[in-house]
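Structure assessment
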Amino acid sequence: MPAVKYDRTIIAYHGCDASTAERVLSGDPFKPSENDYDWLGPGIYFWEFGADRAMRFARGKTKKPAVVGAIIQLGKCFDLMDTKFTDDLPDAYDAFKKSLPPDAPLPQNGGKTPDRRLRRLDCAVLTFYFDALQTAGMTYDSVRCAFIEGKPVFPGGGIHRETHIQIAVRNPACILGVFRPMLDVR
């Protein structure tokens, strides 16, 4: 599939501890996450237009929470909100399963929440697929996906408290600049 170049720039937010924020704001690069449960595979993670969501994440993970704002040009984006990209994932999943040793267990999404926040299967399939694409000479700068997360905001509703668009920047050159956001702290 030909890559789509997103000539679009977004504002996104990275939740972290205060020391990481100061390091990045002073010019040091972000460090990509490479956990086996990262939702979109390896990359530098952001919430698209979600400063509050980034702060809530940081509060749940650090003692001194902070948020770094970033201006990101998505570049060649593997956008999972477009069927052009999700159409290939069933084949990627099948190829990934076939690549495993015969007795190897398939990674599972899991965790203590209904959202299954530990996305080991998703991460493994996407990582496998991006590695295969790279071998074929195709790379992506970013990955973008919407996630329905959290409890419904009211009974019977389809709007959930923590739904967000997540960006995994695979190519750090897509981060055009960083800034200290002015947050409406509640």
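Everything below is about the structure shown above.
Residues numbered from 1 in each chain as written. Predicted model: local features only at pLDDT ≥ 70, side-chain atom pairs only at ≥ 80, totals over all residues. Heavy atoms only, no water.

1. Some words on helix α5 (residues 120-135)
Where we set the bar: In this description a helix means any DSSP run of H or I spanning at least four residues, a strand means any run of E spanning at least two, and both kinds are numbered starting from the N terminus. To estimate the expected span of a helix, count its residues, drop one, and scale the result by 1.5 Å. For the exposure calls, accessible area comes from a 1.4 Å probe over protein chains only, and a residue counts as buried if that area is under 20% of its type's maximum, exposed if over 50%, partly exposed in between. Between two residues, a contact is recorded if the distance between any of their heavy atoms is within 4.5 Å.
Taking 1.5 Å per residue as the helical rise, α5 with its 16 residues ought to reach 22 Å, and the 22 Å between its terminal C-alpha atoms agrees with that figure. Of the residues making up α5, those classed as buried are Leu121, Cys123, Ala124, Val125, Leu126, Tyr129, Phe130 and Leu133. Contacts made by the buried residues of α5 are with β3 (65-79), α4 (89-99), β4 (109-110), β5 (118-119) and β6 (142-147). Two residues or fewer past α5, Gly137 is found with a positive phi of approximately 90 degrees.

2. Regarding a nonpolar patch on the surface
Here is the rule: Residues enter patches when they are more than 30% accessible in relative terms and free of salt bridges; like-charged ones are connected within 9 Å and nonpolar ones (Val, Leu, Ile, Met, Phe, Trp, Tyr) within 5 Å. All accessible areas in this document rest on Shrake-Rupley with a 1.4 Å probe, and a residue is counted as covered only by the protein chains that are shown. When a carboxyl oxygen of Asp or Glu is within 4 Å of a side-chain nitrogen of Lys or Arg, the pair counts as a salt bridge.
Together, Val153, Phe154 and Ile159 give the surface a local cluster of nonpolar side chains, amounting to about 270 Å² of exposed area. Judged by relative accessible area, which is 51%, Ile159 ranks as exposed.

3. Observations concerning the nonpolar core
For clarity, the cut-off: We call a set of buried Ala, Val, Leu, Ile, Met, Phe, Trp, Tyr and Cys residues a nonpolar core when their side-chain atoms join them within 4.5 Å.
Counting 21 residues, the largest nonpolar core has Leu40, Phe78, Leu80, Leu89, Leu126, Phe130 and Val143 as its most contacted members. For this core, the elements supplying multiple residues, two or more each, are α4, α5 and β6. Of all the elements, α5 adds the most residues to this core, at seven residues. With sequence-adjacent residues up to four places away left out, Leu126 is seen in contact with Trp39, Leu40, Phe78, Leu80 and Leu89. With 18 residues, the next largest nonpolar core counts Ile10, Cys16, Cys174 and Ile175 among its residues.

4. Things to note about the pattern of salt bridges
Tallied over the full model, the rule gives nine salt bridges. Taking the shortest distance from any N to any O, the salt bridge between Asp36 and Arg120 comes out at 3.2 Å. Of this pair, Asp36 sits in the loop between α1 (18-25) and β2 (44-48) while Arg120 sits in helix α5, and the two are 84 residues apart along the sequence. Each of Arg8, Glu48, Asp79 and Arg144 takes part in one network of salt bridges that share partners.

5. Observations concerning the pairing of β6
Convention followed: Strands were regarded as paired on the criterion that DSSP finds at least two bridges between them.
With five of its six residues buried, β6 lies for the most part within the structure. With three bridges joining them, β3 and β6 adopt parallel strand pairing. Following the sheet pairing, Cys77 is matched in β6 by Ser142. Note: β6 against strand β7 (residues 164-169), six bridges, orientation antiparallel. Each residue of the ladder has a partner; that of Arg144, found in β7, is Ile167.

6. A word on the environment of Ala104
Its location among the elements puts Ala104 in the loop between α4 and β4. Residues Ala104 and Glu22 lie 82 residues apart in sequence; the distance between their C-alpha atoms is 42 Å.

7. Concerning the state of the cysteines
Test applied: The disulfide definition used here is simple: a pair of cysteine sulfur atoms within 2.5 Å.
Scanning all chains against the criterion turns up zero disulfides. Cys77 takes part in no disulfide bond, and the closest cysteine sulfur, belonging to Cys174, lies 8.9 Å away. A relative accessible area of 0% means that Cys77 is categorised as buried.

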